[in-house]
Every structure is written in C-alpha cells, then in structure tokens.
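Structural description and commentary
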Amino acid sequence: MLLRLPTSVSEAQECLAEGAVPVGGATLVWATWQREGFPELAMSLRKLPQANVIGAERLGAAVLLGQIDGRVPDVLRRAAGTVGTGAVRRAATVGGNLVGSALRCLLPAALVLDARATVLESDGVRETDLAEVVAKRPLLLNLHWSAPLACAYRKLPADAGAPPPLVVASALHAGDGAGYGVRVAVRDGYEVFEGAAVTGADPEETLESLRATALGDLPAAAWRVVRPQVLDLLARER
C-alpha cells in the first residue's frame, strides 16, 4: 500500500482523482484491511493545514481526538475525552469518528454547536451540513461553528459489550432578538436525535418546545438526563 500525504488542497484533489482511499488513524479500517486486503493507494490528511486546525470556532478532520483541548468548546472537548481508551484517542481522528464510526461520538456535540462541514471532492471544496456528512460520508476537511454562550455534555456509564451509552449534549446560543436559542442532541443507541428552541422567561416552556421536536420521541430515561442539563444551561442565561 502506498500512502500519500498531501500538503495542499490541490494535491489532495489529485489523490482523490487517482482513487486514493482516505485514512486517518486507521483504528476502524486496519482489521478490515488485514482480512480483505490493503488498498493500493491511501491518503492521510495529517500534513494538510486545513485539516489540522484547532480553535474556538473550527476543528480539523485530521486532528487526533487526544489533541482536542480547551481551545474548542467544552462540549466537544468532553465528547472527545470519552471516546475509547487513551491509546485509541492518540490514533483516532475527528474525521474518522464522524464519517467512519457507527457510534459517531462527536456528532451530538457538533450538532448542538450547529456546526457546518467543509468537504473535499474531486472537483473542489464545498460546505455542507452534518446530515450529508453522516449520510454520504464525503472526505471531511474540517468543522466550523459560531462559539456558544455555554454548553454541556454528559455520557452515561456502560458495561463492556452493552449497547452504546446514552449521550446528551446541549448548547446555548445568542438569539436574534427573540431570546437565546438552545440546541440539544441525544445519542440513544445508535440513533441521534436533535432539537432546538427559542428560550424565554419560563424554562418549562422551553422544555415543552424541545419536546415538540424529534427529542419528544426519546424514552423517559433519556429525558431524566435531558431535563436537568437543559435547566442548568438555561440558568446560566439569567
């Protein structure tokens, strides 16, 4: 297997045109390659500047989970810190987790930030939403968002071999004159549900608005985690 390490977007485009298979830390594909055979040509973005940025409003796809720190919103930092073991976080990448993993541990955090994705295709770079990233699995370059006023994250403990643990993420954003906005995303099993509401004087009304979204389909056990997290977040608004 020949591994290419492009240092520019144009070079990465050439690799795609040549049929290079994108690979990050290879934590999700190595076993498959050993079983089914290695590709002739692979490509890593670890030398591409656009894929390695870490900041308050942007995160590169080639960034290792173990590199995610206080430069990003706390909801993303905490989500990354709960993925696998330390050894996994030292190899796994943001792009691999969002595009290649069935668990997508970073997805709830990215959703509540209302993040947009920059992706690379053979004909150029474009911006898209996270729904397309999950559904079509393009080559992710980075995520970008507007910094929230506050955010929160909780991942429940789970036994080895058990179903994926419940994850609840939320973020409070500045509004447009009609109040602030709160966004919530929940991973229940392998499914991720999200909802948003404009906040007002009454926190209970905000919760009812969230129940009117896809979050309303969550079981009562999930709402026992969602409710106090949202109330705590809204308390920071006052």
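See above for the structure.
All of the points below concern the structure found in this document. What you are looking at is a predicted structure, and each value in this text was computed from that prediction instead of being measured. (Residues numbered from 1 in each chain as written. Predicted model: local features only at pLDDT ≥ 70, side-chain atom pairs only at ≥ 80, totals over all residues. Heavy atoms only, no water.)

**Thoughts on the overall build of the protein**
The helix and strand inventory of the protein stands at nine helices and 11 strands. Here the protein has a C-alpha radius of gyration of 19 Å; the compact-globule value for 238 residues is 18 Å, and the two agree. Expressed along its principal axes, the backbone C-alpha trace of the protein runs to roughly 60 × 40 × 30 Å. Here the protein holds 238 residues, and the buried ones make up 45% of them. Of all intrachain contacts in the protein linking residues separated by at least 6 positions in sequence, the fraction that spans at least 24 positions is 53%. Surface accessibility of the protein: about 11400 Å² in total, with carbon and sulfur atoms responsible for 50%. (Helix = DSSP H or I, 4+ residues; strand = E, 2+ residues; numbered from the N terminus. Rg over C-alpha atoms; globule rule 2.2 N^0.38 Å. Buried < 20%, exposed > 50% of the residue type's maximum accessible area, 1.4 Å probe, protein only. Contact = heavy atoms within 4.5 Å. Areas by Shrake-Rupley, 256 points an atom, 1.4 Å probe, with all protein chains shown as cover.)

**Quick notes on the environment of A131**
With respect to the element layout, A131 can be found in helix α7 (residues 130–136). Overall, A131 belongs to the exposed group, its relative accessible area being 55%.

**What to know about the pattern of salt bridges**
Enumeration according to the criterion identifies 10 salt bridges in this entry. Between R116 and E127 there is a salt bridge, and its shortest N-O distance comes to 3.0 Å. Highlighted residues: R116 in strand β5 (residues 116–121) and E127 in strand β6 (residues 124–128), separated in sequence by 11 residues. The class of R116 is partly exposed, set by a relative accessible area of 31%. The exposure class of E127 is partly exposed, given its relative accessible area of 43%. Taking the shortest distance from any N to any O, the salt bridge between R183 and E194 comes out at 3.6 Å. A residue pair is termed long-range when its members are at least 10 positions apart, and R183 in strand β10 (residues 181–188) and E194 in strand β11 (residues 191–198) qualify at 11 residues. E194 gets classed as partly exposed once you look at its relative accessible area, which sits at 35%. Among the charged side chains, a salt-bridge network with shared partners connects D114, R183 and E194. (Salt bridge = Lys/Arg side-chain N within 4 Å of Asp/Glu carboxyl O.)

**Overview of the side chain of E132**
Relative to the elements of secondary structure, E132 occurs in helix α7. E132 sits in the buried class, given a relative accessible area of 17%. Residues contacting E132, with those up to four places away along its chain left out, are R126, R137 and P138.

**Considering the sheet that holds strand β4 (residues 58–60)**
Picture the strands of a sheet paired through backbone hydrogen bonds; they go either parallel or antiparallel. Pairing is antiparallel across the open sheet formed by four strands, whose spatial order is β4-β7-β5-β6. What marks the edges here is a single partner per strand, and that holds for β4 and β6. Within the sheet, the average angular offset between the axes of one strand and its neighbour, ignoring direction, is 25 degrees. On top of the sheet, helix α1 (residues 9–17) reaches β5, β6 and β7 (139–144); it is set at about 60 degrees to β5, its chief contact. (Pairing = 2+ DSSP bridges. Axes fitted to C-alpha atoms, helices over the stretch in contact; angles between N-to-C directions.)

**Focus on the pairing of β7**
For β7, the tally of buried residues reaches six of six residues, placing the bulk of the element in the interior. The pairing of β4 with β7 spans three bridges and is antiparallel. Bridging across to β7, L59 finds its partner in L143. Two elements, β5 and β7, share five bridges in a ladder whose sense is antiparallel. By the bridge assignment for β7, V119 is matched with L140.

**Considerations on the side chain of Q229**
Here Q229 lies in helix α9 (residues 220–235). Accessibility expressed as a relative area gives 11% for Q229, which makes it buried. Among the polar contacts listed, one links the side chain of Q229 to the side chain of S170, at a separation of 2.7 Å. Once residues lying within four places of it in the same chain are set aside, the contact partners of Q229 are A152, Y153, R154, V168, A169 and S170. (Polar contact = N/O pair within 3.5 Å; in protein donor to acceptor, adjacent residues only side chain to side chain.)

**Points about the sheet that holds strand β9 (residues 167–173)**
Taken in spatial order, the four strands line up as β8-β9-β10-β11 in an open sheet, and their pairing is antiparallel. Bordering the open sheet on either side are β8 (150–155) and β11, each of which pairs with just one other strand. Neighbour-to-neighbour, the strand axes of this sheet turn through a mean angle of 10 degrees, independent of strand direction. Each of β8, β9 and β10 is contacted by α9, which is oriented at about 25 degrees to β9, the strand it contacts most.

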